[in-house]
Amino acid sequence: MAPSAMNPAEALSDATPRPYWLDDPARPEALPALVGDEYSDLLVVGGGYAGLWTALRAKERDPGRDVVLIEAQEAGWAASGRNGGFCAASLTHGWANGHARWPAELTTLEELGRRNLDGIEATLARHGIDCDFERTGEIDVATAPHQVNELKEAAEEAASLGVGGHEFLDRDALRAEVDSPTFLAGLWNRRGVAMLHPAKLAWGLKRACLALGVRIYEHTPGTELSSRGCGVAVRTPYGRVFARHAALGTNAFPSLVKRLRPYIAPVYDYALMTEPLTAEQLASVGWKRRQGLSDSANHFHYFRLTADHRILWGGYDIVYRYGGGVRAEYDHHPATYQRLAGHFFRCFPQLEGVRFSHTWGGAIDTCSRFSAFFGTAHGGRVAYAMGFTGLGVGATRFGADVMLDLLAGERTERTELEMVRSKPLPFPPEPVRSVGIGITQWAMTRADKNGGRRNLWLKALDKAGLGFDS
């Protein structure tokens, strides 16, 4: 996209460099760190969605189960408090990816995804979690002519496969929903995505866990995992936790099971938040049904309205650093902020003059098949779910149930899935990893500029089942 006439730096000049969602007076006080030794039936490592859902689901399944959760910073501090707030039913990063990888299971995966999203909605009501949950759906938007045909074909394929709830919108129908001169067509998933406040979801899950008796220690990173007798032990800076079982929800951060680390490439995604829009500004855009939106390019944007009428605008750049580190200094990328701001005003020129209030970034646990993978370690005493690739707001609850099934040794509809029993291909070691990711990003950019045509490199990755996305 070409930049607008407005200087993006001017619109960004007053922005606060911190996640909008976490910049909230409702943010709870941090809980004390663990000091000394602790004992439990289940230890959960990680206080993001994956860990919080696991602790909550464990107590809902068995209220008498003794559960401890440790978090390196504060609950919801990392990806769970920095994402766009798109809570999707899909467990497979979209039904098309699911059909390409597990066609025989697609009907089951779609049904499990619907039930999972319904379960999230029911949990919010049951525990009184107010996180601005709105089941408005999401529209995939075509901004280039070749994408119009792709969306038409996707709508037809979804219907033929029995994947309901997807409606193709031509240019006029789409612009009646959300008005941008760049919009050519859309595919609206009417019920399969909800919008929410991601940090309030994490904080609400934390409160629900505490109310059910989960003992949570914040500022308590797990530094070492080992087998101990018939259980496991995790060392922390000032103590240890001994447990019969452990569930790992560390995702983009280095796993305590070292053999899993090659499966994850932490990539950084960035976002902007506008100041609240006036009634006139909102009317100029439309957007009365408050759907989430994302465009259909390889380097895509995602955008949505907040409860206080701001627009979140994120995506496009996918930034990988050599070695795959996760560091605080990577949380900001001014060049990306300026690029995103220019794209925003090209999409919505009627909002010229709007300023941005917040800028931020965070790490995504990308894996090569774009959707989570699962397994056990330490003789079945440790379970993990990781690799959600930007689709963890909803799918982490499903991942929590998978981990609990695996730890119980149960054969369930979930554990019998090929998706659960298989692993993605690992990423190669450095420097091959960085070179490969760089070539892939270059090829994706070329495809966006060349009518979506994928070159030999991307076709080879498709054939091998390898991918790179956020």
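The present account deals with the structure reproduced in this document. From a predicted model like this one, the values you see are computed outputs, not experimental measurements.

Here is what the cut-offs are and how they apply
Residue indices follow the written sequence of each chain, beginning from 1 at its first position. Local features in this predicted model are restricted to residues whose pLDDT is 70 or higher, and side-chain atom pairs enter the listing and the counts only when it is 80 or higher, whereas totals over whole chains, interfaces and linings include all residues. Computation of side-chain values: all heavy atoms of the structure, hydrogens and water removed. Helix numbers and strand numbers start at the N terminus; a helix is a DSSP run of H or I with at least 4 residues, a strand a run of E with at least 2. Expected span of a helix, by definition, is 1.5 Å for each gap between consecutive residues, and there is one gap fewer than residues. Working definition: with a 1.4 Å probe on protein chains only, accessible area under 20% of the residue-type maximum means buried, over 50% means exposed, and in between means partly exposed. Two residues qualify as a contact provided that any one of their heavy atoms is within 4.5 Å of a heavy atom in the partner residue. Residues belong to a common nonpolar core when they are buried Ala, Val, Leu, Ile, Met, Phe, Trp, Tyr or Cys residues joined through side-chain atoms within 4.5 Å. Throughout this description, the term salt bridge denotes a Lys or Arg side-chain nitrogen within 4 Å of a carboxyl oxygen of Asp or Glu.

Looking at helix α12 (residues 432–449)
And step 1. Between the first and last C-alpha of α12 there are 26 Å, a value that for 18 residues agrees with the 26 Å anticipated at 1.5 Å per step.
And step 2. Every buried residue of α12 is accounted for by R433, S434, G436, I437, T440, Q441, A443, M444 and A447.
And step 3. Residues of α12 that are buried sit in contact with β12 (265–274) and α13 (456–464).
And step 4. Just past α12, the residue G451 takes up positive phi, approximately 65 degrees.

What to know about the nonpolar core
One broad rule of soluble globular proteins: the nonpolar side chains tend to lie buried together.
And step 1. Core analysis: the biggest nonpolar cluster contains 48 residues, and L42, L201, L205 and F374 have the highest contact counts within it.
And step 2. Listing elements by their share of this core, those giving two or more residues are β1 (36–45), α2 (49–61), β2 (67–70), α4 (106–127), α7 (198–211), β18 (382–386), α10 (392–408) and α11 (418–421).
And step 3. Among the elements that take part in this core, α10 stands out by supplying 8 residues, more than any other.
And step 4. In contact with L42, other than residues within four places in its own chain, are A58, R65, D66, V67, V68, A243, H245, A246, A247, L404 and L407.

Concerning the pattern of salt bridges
And step 1. One pass over the structure, following the stated rule, counts 29 salt bridges.
And step 2. Linking D41 and R244 is a salt bridge whose minimum nitrogen-to-oxygen distance equals 3.1 Å. A residue pair is termed long-range when its members are at least 10 positions apart, and D41 in strand β1 and R244 in strand β11 (residues 239–248) qualify at 203 residues.
And step 3. Using a relative accessible area of 14% as the deciding quantity, one classes D41 as buried.
And step 4. Across the pair R215 and D66 runs a salt bridge whose closest N-O atoms are separated by 2.5 Å. Taken as a pair, R215 in strand β8 (residues 215–217) and D66 in the loop between α2 and β2 lie far apart in primary sequence, 149 residues in all.
And step 5. Looking at R215, the relative accessible area reads 26%, which means it is partly exposed.
And step 6. Each of the salt bridges in this network shares a partner with another, and the network as a whole consists of R57, E60, R61, R126, D401, D405 and R414.

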